[in-house]
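Commentary on secondary and tertiary structure
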2 protein chains.
Amino acid sequence: MSVTAARGFVASGVHSGIRRSGPDLAVVRSTARAVGAAVWTTNRVLAAPVVVSKRHLDAAEPQAVVINAGVANAATGETGIADAELTAAETASALGMRPEEVVVLSTGVIGVPLPMDRVLAGVREASAALAPDGGEGAATAILTTDRWPKQAAVEGDGFVVGGMAKGAGMIHPRLATMLAVVTTDYPLAPGEPIDVLRPAVDASFNRISVDGDCSTNDAVVLLANSASGIARTAERDAQFAAALGDVCAALAREIVSDGEGATVLLEIAVSGAASTEEADAVARRIATSPLVKTAAFGRDPNWGRVLAAAGSAPWNGGFARVETDRLSVSFDGAPVFVRGKPTGATPVLGGSAVSIDLDLGLGDGSASYLASDLTVDYVRLNAEYTT
Amino acid sequence: MSVTAARGFVASGVHSGIRRSGPDLAVVRSTARAVGAAVWTTNRVLAAPVVVSKRHLDAAEPQAVVINAGVANAATGETGIADAELTAAETASALGMRPEEVVVLSTGVIGVPLPMDRVLAGVREASAALAPDGGEGAATAILTTDRWPKQAAVEGDGFVVGGMAKGAGMIHPRLATMLAVVTTDYPLAPGEPIDVLRPAVDASFNRISVDGDCSTNDAVVLLANSASGIARTAERDAQFAAALGDVCAALAREIVSDGEGATVLLEIAVSGAASTEEADAVARRIATSPLVKTAAFGRDPNWGRVLAAAGSAPWNGGFARVETDRLSVSFDGAPVFVRGKPTGATPVLGGSAVSIDLDLGLGDGSASYLASDLTVDYVRLNAEYTT
């Protein structure tokens, strides 16, 4: 159940010394010829590894991914670009490939240069340690404030999709980025990976919120190496797309469950919106409302805050269409507000997940979102002083 | 320095019993014939008093404002509308005016009907208690989780602008709305109040953020009664507009300083944006970023989070234009990041206010925003369980 679950993938995680202790550098490699793609952060401020890796993906099909934790290599200017290039070059040299075939990802402190001697030694050590059972080590080496490694794998008819991720939620003084690497032995042709990856990311990683902040380093990378040796059919293609979606969804769910300071997972489902875009805007607004998220921390079925958030969801230069007297809200399946009227019910919210269902009663648009709660620990973690 | 600072205004605050203790109902009235206007919440979910007061303002010039705290009269259906109408009618009857001349505002618990017997008795008591020195009592009666009454007044050449407000930041189980009433004896003609009020609100109340949530009840009301008896000149008009802006700015600043759990006031100034709209989007994004706000709580000059927020400011269907290597950031006047490079400075942030100045280096667009920090107390206050 890891990034090496599919045939023809090896991985490793080592302690390079970027961080004082623990593994902090991972390599994932396809041993068979792969094709691939990535979906990147939309932040206008891009970290150096994002700039470099975008160039590499434009120039060649990716065969390996090298990831360091501890230093984000963001806001580091030309030095940062050169360091990311050098990291890719050293990885390529160790693995016998071209630098453009290496994707570089970083997570950690912003505005600090990478300690390149350690990084390059780590790259050599990790490249030498690559193994089919190295997935867990790689998944551990990319963590920052995460409490546990995040891995997933789904087996299809003759193929496997596997992956690893690290959590969203930025913690001072690091920008703890959301990173994911997904691998498969399913046969994809050049150009196809982005077409399958984008919808899978839109339905998973783009529908989660820990704190609504978008990092300079976020990335989801897909490598597909055809090592399954199977023939493609329309049925198998559909099965593969579903498996890819499932792996992304499982990793996204893990990320939210392990959000900084999180004590509960909020499953927000909006239906009956005037359009899909408006359902999305409303779900996102609820998922990022500090008031909804603090209420969740207090296990409070506070539908008033859900209404207030729903009524102020930015859409199309204004707010998404909402009419109070058509609106219904349930917490964990218990209706608390039905077509504009409170039911008087106050469901007890006890589990590790809480569902909030909102029916706008206007049309067919629906969307869902996962969110963590906003807790005292989140504030404490993120208010720590720079030292 | 209150809502009765201008000639021809009286006010009062009484304990009606909507809340267990303390004053909870206020009336402000112009004793000379007034004209007026209001700026309302943009939330799609409107509280009953907002619906009713909008109708009243369409039908007549406002002569009085009645405000209750404790119950927001939001999500209360047709009963809520009838209750708001009845509150206005009782106020009008006590004051010898038409119901349409009364603006009704509410703040407090959502989804709960107003205890109308207490409200109506309170309206009669408050109407009988109206006095020129009643401003402080009125300002106290409209508070919810605020720690102190918010009042301001500015004297011009022969006229006065005064006002009162209550804080933003919603606290469970109440929706603690942002409300403000501004009064002046400056002579305005019918139709003019909205034209002067809107820019004043845009530059003040619309540029503050406690938690980024927008209530169902937010309102700013202006009454102008000409009681100064002065003649208008172009110079006086300009002075009046400035005074109105100053009163709104002072009240807005008080609201942020008293944000729920707030320990520091963040003064965010963005310059050099490609457009004013983009400056506004970037300032707003920084002001609402949980990561920037928790860093402020920790007195951490965390420019990395400021960059990450600036790079992801929603604008025009995408993000506002930002280029890392043109960007400069200062905390309390000390440059920490200059044209794409960290300076290495780590200013000590000790006061009750912290300024964050961001120069995008792209154009002439500028905008400012006030925000409170995100604190452990904010989460605690808002996570309290429904009981």
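Since the model is a prediction, treat every value here as computed from it, not as a measurement.

Attention shifts here to the interface of chain A and chain B. Contacts between chain A and chain B engage 58 residues on the former and 59 residues on the latter. Summed over both sides, the interface between chain A and chain B buries roughly 4400 Å², with carbon and sulfur atoms accounting for 60% of that surface. Taken together, chain A and chain B are joined by 0 salt bridges. Sorting the residues of the side of chain A that touches chain B by element identifies helix H8 (290-297), helix H9 (303-310) and helix H10 (376-383) of chain A as the ones contributing at least two each. Among the elements that make up the side of chain A that touches chain B, the one with the highest residue count is H10 of chain A (6 residues). Across the side of chain A that touches chain B, the residue classes tally to 30 nonpolar, 18 polar and 10 charged.

We now examine the relation of the copies chain A and chain B. If you rotate chain A by 180 degrees and push it 0.0 Å along the axis, it lands on chain B with an RMSD of 0.0 Å. Expressed as an axis order, the relation between the two copies is that of a two-fold axis. Proximity to the rotation axis, assessed at the C-alpha, singles out Val376 of chain A in chain A; its C-alpha lies 2.6 Å from the axis. Both copies contact each other with a shared surface, as 100% of the interface residues of chain A are interface residues in chain B too.

On to the sheet that holds strand S19 (residues 365-372) of chain B, then. Each strand in a sheet pairs with another by means of backbone hydrogen bonds, the pair being arranged parallel or else antiparallel. Residue and element names in this part refer to chain B. Spatial ordering of the open sheet is given by S10-S19-S12-S18-S15-S16-S17, a layout of 7 strands whose pairing is mixed. Of all the strands in the sheet, just strand S10 (208-209) and strand S17 (341-342) have a single pairing partner and so form its edges. Note: strand S15 (residues 328-331) against strand S16 (residues 334-338), 3 bridges, orientation antiparallel. Counterpart to Phe331 in the pairing with S16 is Ala334.

Another point: the nonpolar core. Residues Ile268, Val282, Val329 and Leu358 of chain A together with Leu105 of chain B are the most contacted members of the largest nonpolar core, which totals 65 residues. At 6 residues, helix H7 (residues 276-288) of chain A tops the list of elements feeding residues into this core. Here Ile268 of chain A is in contact with Ala283, Ile286, Ala287, Ile356, Ala367, Ser368, Tyr369 and Ala371 of chain A, once residues within four sequence places are set aside. Grouped together as the second largest cluster of nonpolar side chains are 64 residues, Trp303, Ala320, Leu327 and Val329 of chain B included.

Below, the discussion takes up the pattern of salt bridges. Per the counting criterion, the structure on display carries 38 salt bridges over all chains. Notably, a salt bridge pairs Glu85 of chain B with Arg55 of chain B, separated by 3.4 Å at the nearest N-O pair. Taken as a pair, Glu85 of chain B in helix H2 (residues 77-95) and Arg55 of chain B in helix H1 (residues 48-59) lie far apart in primary sequence, 30 residues in all. Residue classification places Glu85 of chain B among the partly exposed residues on the basis of a relative accessible area of 26%. Where Arg207 of chain B meets Asp280 of chain B, a salt bridge forms, and the shortest distance between an N and an O atom there is 2.6 Å. Placement of the pair is Arg207 of chain B in the loop between helix H5 (192-202) and S10 and Asp280 of chain B in helix H7 (residues 276-288), with a sequence separation of 73 residues. A residue is classified by how much of its surface remains accessible, and Asp280 of chain B, at 23% relative accessible area, is partly exposed. A network of salt bridges, in which partner residues are shared, links Asp146, Arg147, Lys150, Lys166 and Asp258 of chain A.

A few words on the side chain of Ser204 of chain B. All names here are of chain B. Position of Ser204 among the secondary structure elements: in the loop between H5 and S10. The class for Ser204 is buried, based on a relative accessible area of 4%. Those residues in contact with Ser204 that sit more than four places away from it in its chain are Cys248, Ala249 and Ala252.

The rules we used
Residues numbered from 1 in each chain as written. Chains lettered and ligands numbered in written order. Predicted model: local features only at pLDDT ≥ 70, side-chain atom pairs only at ≥ 80, totals over all residues. Heavy atoms only, no water. Contact = heavy atoms within 4.5 Å. Buried area = accessible area lost by both parts, 1.4 Å probe. Salt bridge = Lys/Arg side-chain N within 4 Å of Asp/Glu carboxyl O. Helix = DSSP H or I, 4+ residues; strand = E, 2+ residues; numbered from the N terminus. Nonpolar A, V, L, I, M, F, W, Y, C, P; charged D, E, K, R; others polar. Least-squares fit on C-alpha atoms with pLDDT ≥ 70 in both. Pairing = 2+ DSSP bridges. Core = buried A, V, L, I, M, F, W, Y, C linked by side-chain atoms within 4.5 Å. Buried < 20%, exposed > 50% of the residue type's maximum accessible area, 1.4 Å probe, protein only.

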